[in-house]
Amino acid sequence: MVSVSLCMIVKNEEDVLGRCLESVSHLVDEIVIVDTGSTDRTKEIAARFTDKIFDFPWRDDFAAARNESFSHASMDYCMWLDADDVLLEEDQKAFLALKETLDPAVSVVMAPYHTGFDQGGHVTFSYYRERLIKNRAGMAWAGAVHEAVTPTGKVLYADFAVTHRKTRPSDPDRNLRIYQAQLDAGKELEPRQQFYYGRELYYHHRWEDALETFERFLEDGRGWVENSIDACCHCAYCHKELGHDQAALTALFRTFVYDRPRAETCCDIGLWFFQKEEYRQATYWYALALTCARDDRRGGFVSPDCYGYLPCLQLCVCYSRLGEQTRAAAFNELAAAYKPDSPAVLRNREWFRSLASA
């Protein structure tokens, strides 16, 4: 069985760190905590689980802090978590099964990261991240913000997932401040960082600046295909906010240059026609979304609802507005197959019953 060092960077995480470590401490062989300046009980809580606690002055560089944490690891693999992450019970079992059977020739283990949830706790946003990295294999974190490790060697896709459970908002301006400081210092952002800089501008409602940044990223042509598809979608969102409806649709169609249609993009195009009350055209795109194969391992951001539930629900509404109530009700039941407890599905079901009894 391989051994694993859990390597974490923390700062003022007293409200979540214990929860995180309780979910994973029995799964790993070593815990390394790098503290970047806590003023609360973070280090006291960490000390209940490990004596390998190190101080590292924060310098607006997540990659530097993560590399510092990896430098103290002594096991076969390094695993990273944020303090507000947890491994749920089923994922703990899957992690142990992986650990017992992992081929030591594997350099990187990719695992799903669940970061968005609906009111019923269903995952609404997920993507694969490098989760276990072979120690002392020459791989390092890069990127002051949205840091990542570029995998080399043999890569394995695992079934266990990490669940991100925030209990409080983080500093919404931190990442943009770091990017702006780099740009002010004359640093040129490499493609991945330029992509995420555009997303930060978008989050801050700086639509024109975000649009310009995404367009530069796309024109450069060096970006990863999944980031390029996402950048096209964000160009569409920016155009929509700026009132450029036709340009928004064109930006969504631009995603097809990079790869086959994604269900997420088909749903966005369907919504464009839906909001124009062009329901027949909308049904085409929602139906196309239902034919798109979900492939989380491609590495991009995945919205699971777009691969079944959401298109079915929207097809229900579209056909209802087209006067095809029997067909609409059938799609509502298809949506129910994905989410039986969906409030929208239950409301629709009652409405169709009222129509039948009228």
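Coordinates for the structure precede this section.
This section reports on the structure supplied with the text.

What counts as what
- Residues numbered from 1 in each chain as written.
- Predicted model: local features only at pLDDT ≥ 70, side-chain atom pairs only at ≥ 80, totals over all residues.
- Heavy atoms only, no water.
- Helix = DSSP H or I, 4+ residues; strand = E, 2+ residues; numbered from the N terminus.
- Rg over C-alpha atoms; globule rule 2.2 N^0.38 Å.
- Contact = heavy atoms within 4.5 Å.
- Areas by Shrake-Rupley, 256 points an atom, 1.4 Å probe, with all protein chains shown as cover.
- Lys, Arg positive; Asp, Glu negative; His and termini not counted.
- Charge placed at Lys NZ, Arg CZ, Asp CG, Glu CD.
- Salt bridge = Lys/Arg side-chain N within 4 Å of Asp/Glu carboxyl O.
- Buried < 20%, exposed > 50% of the residue type's maximum accessible area, 1.4 Å probe, protein only.
- Expected span 1.5 Å × (residues − 1).
- Arc of directions from axis to C-beta.
- Disulfide = S-S within 2.5 Å.
- Core = buried A, V, L, I, M, F, W, Y, C linked by side-chain atoms within 4.5 Å.

### Things to note about the overall build of the chain
Okay, step 1: For the chain, the count of helices and strands is 14 helices and 11 strands.
Okay, step 2: Against the globule reference of 21 Å for 358 residues, the chain gives a C-alpha radius of gyration of 23 Å, in line with a compact fold.
Okay, step 3: Long-range contacts, defined here as pairs at least 24 residues apart, represent 66% of the contacts in the chain between residues at least 6 apart.
Okay, step 4: Looking at the chain as shown, the accessible area adds up to about 16800 Å², and 51% of this sits on carbon and sulfur atoms.
Okay, step 5: Separation between the mean location of the 41 positive side-chain charges and that of the 55 negative ones in the chain comes to 2 Å.

### Some details on the pattern of salt bridges
Okay, step 1: With the rule as written, the count across this model stands at 32 salt bridges.
Okay, step 2: A salt bridge links Lys93 to Glu89; the shortest N-O distance between them is 4.0 Å. Residue Lys93 and its partner Glu89 are located together in helix α4 (residues 89–101), separated by four residues, close to a single helical turn.
Okay, step 3: Lys93 sits in the partly exposed class, given a relative accessible area of 48%.
Okay, step 4: Where Lys339 meets Asp118, a salt bridge forms, and the shortest distance between an N and an O atom there is 2.5 Å. Here the residue Lys339 occupies a position in the loop between α13 (325–338) and α14 (343–357), and Asp118 occupies one in the loop between β6 (106–117) and β7 (123–134), the gap between them amounting to 221 residues.
Okay, step 5: Here Asp118 falls in the partly exposed class, since its relative accessible area comes to 23%.
Okay, step 6: Through salt bridges with shared partners, one network takes in Glu226, Asp259, Arg260, Arg262, Glu264 and Arg298.

### Structural notes on α14
Okay, step 1: Here α14 is 15 residues long and its end C-alpha atoms lie 21 Å apart, about the 21 Å a rise of 1.5 Å per residue gives.
Okay, step 2: Taken residue by residue, α14 has Ala344, Val345, Asn348 and Phe352 as its buried positions. The arc that holds the buried residues of α14, viewed along the axis, is 95°, so those residues lie on one side. Exposed side chains of α14 directed beyond 90 degrees from the buried face belong to Arg347 and Ser357.

### Some details on the side chain of Asp35
Okay, step 1: Residue placement: Asp35 occurs in strand β2 (residues 30–35).
Okay, step 2: Once residues lying within four places of it in the same chain are set aside, the contact partners of Asp35 are Val10, Thr42, Lys43, Phe54, Asp55 and Phe56.

### A few points about the state of the cysteines
Okay, step 1: In this structure the tally under the stated criterion is zero disulfides.
Okay, step 2: Left without a disulfide partner, Cys20 is nearest to the cysteine sulfur of Cys7, which lies 12 Å away.
Okay, step 3: Residue classification places Cys20 among the buried residues on the basis of a relative accessible area of 0%.
Okay, step 4: No disulfide involves Cys316; its sulfur sits 9.2 Å from the nearest other cysteine sulfur, which is in Cys318.
Okay, step 5: Accessibility expressed as a relative area gives 2% for Cys316, which makes it buried.

### A short note on the nonpolar core
Okay, step 1: The biggest cluster of nonpolar side chains holds 111 residues, and the ones touching the most others in it are Leu6, Met8, Met79, Leu81 and Phe160.
Okay, step 2: Filtering out sequence-adjacent residues up to four positions away, Met79 remains in contact with Val4, Ser5, Leu6, Cys7, Val24, Val28, Leu87, Phe95, Arg131, Leu132 and Phe160.

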